[in-house]
Amino acid sequence: MKETPLSNCERRFLLRAIEERKRLDGRQTYDYRNIKISFGTDYGCCIVELGKTRVLGQVSCELVSPKLNRATEGILFFNLELSQMAAPAFEPGRQSDLLVKLNRLLERCLRNSKCIDTESLCVVAGEKVWQIRVDLHLLNHDGNIIDAASIAAIVALCHFRRPDVSVQGDEVTLYTPEERDPVPLSIHHMPICVSFAFFQQGTFLLVDPSEREERVMDGLLVIAVNKHREICTIQSSGFEMQ
Amino acid sequence: MAGLELLSDQGYRVDGRRAGELRKIQARMGVFSQADGSAYIEQGNTKALAVVYGPHEIRGSRSRALPDRALVNCQYSSATFSTGERKRRPHGDRKSCEMGLQLRQTFEAAILTQLHPRSQIDIYVQVLQADGGTYAACVNAATLAVLDAGIPMRDFVCACSAGFVDGTALADLSHVEEAAGGPQLALALLPASGQIALLEMDARLHEDHLERVLEAAARAARDVHTLLDRVVRQHVREASVLLGD
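Within any chain, residue numbers begin from 1 and follow the written order of that chain's sequence. All chains are assigned letters beginning at A, and all ligands numbers beginning at 1, according to the order in which they are written. Restriction of local features to residues with pLDDT of at least 70 applies here, the model being predicted, together with a cutoff of 80 or more for giving and counting side-chain atom pairs; totals for whole chains, interfaces and linings are based on all residues. Here the side-chain values reflect all heavy atoms present in the structure, with hydrogen atoms and water set aside.

Per an unreviewed UniProt entry, chain B carries the name Exosome complex component RRP41 and comes from Pipistrellus kuhlii. UniProt positions are given in the numbering used here, feature names are shortened, and annotations may be inferred rather than shown by experiment. The annotation that UniProt attaches to chain B under Sequence similarities (unreviewed entry) is "Belongs to the RNase PH family."

Where an unreviewed UniProt entry is consulted, chain A appears under the name Exosome complex component RRP45, with the organism given as Pipistrellus kuhlii. Per its UniProt entry, chain A bears the Sequence similarities (unreviewed entry) comment "Belongs to the RNase PH family."

What should I look at first to understand the interface of chain A and chain B in this one?
Think of interface size as the accessible area that goes away when the parts come together; that is how it is often given. Contact between two residues is taken to exist if any of their heavy atoms lie within 4.5 Å; hydrogens are not considered. In this assembly, 29 residues from chain A lie in contact with 27 residues from chain B. Here a salt bridge means any side-chain nitrogen of Lys or Arg lying within 4 Å of a carboxyl oxygen belonging to Asp or Glu. Scanning the region where chain A abuts chain B turns up four salt bridges. A salt bridge links Glu98 of chain B to Arg104 of chain A; the shortest N-O distance between them is 2.6 Å. Lys, Arg, Asp and Glu make up the charged group, whereas Ala, Val, Leu, Ile, Met, Phe, Trp, Tyr, Cys and Pro make up the nonpolar group; the residues left over, Gly among them, are polar. When its residues are assigned to classes, the side of chain A that touches chain B shows seven nonpolar, 14 polar and eight charged. Between any two strands, pairing holds if DSSP finds at least two bridges. Numbered from the N terminus, helices here are DSSP runs of H or I no shorter than four residues, and strands are runs of E no shorter than two. Bridge count for strand S14 (residues 230-237) of chain A against strand S10 (residues 205-206) of chain B is two bridges, and the pairing is antiparallel.

Whenever I open this one, empty space enclosed by the protein confuses me. Can you help?
Vacant regions in the atomic arrangement are exposed by a probe of water-molecule size rolled over the atoms. All names here are of chain B. Method remark: on a 1 Å grid restricted to protein atoms, a set of points is classed as a cavity if a 1.4 Å probe fits but cannot get out and as a pocket if it is open with protein on both sides within 12 Å along at least five of seven lines; lining residues have an atom within 4 Å of a point. Grid points are joined across faces, edges and corners, and a volume is the space filled by probe spheres set on the points. Here the structure, examined in full by the defined rule, presents two cavities of 30 Å³ or more. Taken as a whole, the largest cavity holds about 60 Å³ of empty space. Lining of the largest cavity is provided by Leu6, Gly163, Phe164, Val165, Leu170, Leu173, Glu177, Gly182, Pro183 and Gln184. In terms of residues, the lining of the largest cavity owes the most to one element, strand S6 (residues 158-165), which gives three residues. Of the residues belonging to the lining of the largest cavity, the class tally is six nonpolar, three polar and one charged. Roughly 50 Å³ of volume is contained in the second largest cavity.

Could you clarify how one ought to interpret the pattern of salt bridges in this entry?
Once their charged atoms are close, side chains differing in charge can pair, the charge on each being opposite to the other. Throughout the structure, instances matching the rule amount to 22 salt bridges over all chains. We note a salt bridge from Arg108 of chain A to Glu98 of chain B, for which the minimum N-O separation is 3.4 Å. Of this pair, Arg108 of chain A sits in helix H2 (residues 96-112) while Glu98 of chain B sits in helix H1 (residues 94-110), which puts the two residues in different chains. Burial classification: accessible surface area is computed with a 1.4 Å probe over protein chains only, and a residue below 20% of its type maximum counts as buried, one above 50% as exposed, and the rest as partly exposed. With relative accessibility at 2%, the residue Arg108 of chain A sits in the buried group. Asp202 of chain B is the salt-bridge partner of Arg108 of chain A, the closest N and O atoms lying 2.7 Å from each other. Highlighted residues: Arg108 of chain A in helix H2 and Asp202 of chain B in strand S9 (residues 195-202), drawn from two different chains. Judged on exposure class, the residue Arg108 of chain A and its partner Asp202 of chain B are both buried. What emerges from the salt-bridge pattern is a single network uniting Arg104, Glu107, Arg108 and Arg111 of chain A together with Glu98, Glu200 and Asp202 of chain B.

In structure tokens, the structure reads:
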């Protein structure tokens, strides 16, 4: 079903409140909502709650043949899905723009910044590499999907353990978890996305917009940073700034 | 290619340019007679074509019509022969969708959409040869095409890419420099007011260096602006000669 439009008085109220530096849930301008991370029973399964926005992440792996032009590197695949239970507006055919944007941002943030060592995922060069697949599902939409999704992805990747494998000549032996302990992935750094919402042509700025604030914002700036103060990705959308 | 230096000790890049130098830009407007506006741009070896139709009535569902603004619809397609290895899907894959969305965002900021409510402006961009800086070439080509179509814009939209190697910021990256894996920044600027329409960055860059890379990209975008301005004036001069003024 189509998204319920925001009424003009609600929009005016939100903008006036932001001008007076007040937010609906009582946060300050640079405050994040509470983040709660819980893990499932499997390795690589986690649920991240950013306020009321909830994302489920699950990592799985499989042995495949590598891409032709990158024969010694493993494959990293991200997939974010906006499930219908997250918001009434999310329907199977209607989400493409937002979905493409979020997926590409996640891919660029996690894959291009080389946070996972893909060379360590190689088993037999040119023949067998690990394909790591990260599936993220948005369970509840209360604003700021990208931050929650990036946290879920990196936490799930850190939590994941892949089966141990040994190569003797041409033979590749895959050990089950009972035979040998699974091995963690080698992660160089953890990029986390932070979203800034802009209002009134860039005069006012809020961190971690909630769903209402996202509806009235002029534009969004997403910066992914890691612990070493390196910027991994910047993406600005929908506004102009100096 | 191991041992390929992106920046030599004397300060020369792989193709002989200096750090802040742009590639040679050649552009033509009014390439197609059928379209309302069209342009062709060559930035070094990157070649892009842009075609604009509009403003016209909304095609498809009337419900998408915005009551106070025009709808900007952008589609990006890169030819199968544009890259070194033949691509199988020219459009419809995620990267093309994302490019289309980014182009739409860039031009919604620049085109005065309030002047054409309930109508649609189509911008189609085709990349014929991709040698780095495809987003920048697309934006520059689309700007010229929109100007050729006579659609009012706030300002030129000039875009350029920038990178960072060995402590120096490089402007206008070629494919070799992009593939090396260093940080890449794509910036779309409205030169007169200095406003940024789109800013996008990939790969790791320490936050201390961000200022320098941004400055290099902004400077390069302004250089692109002077060139595009010259192209537009030349085109108008030619057109007025034909009209007999």
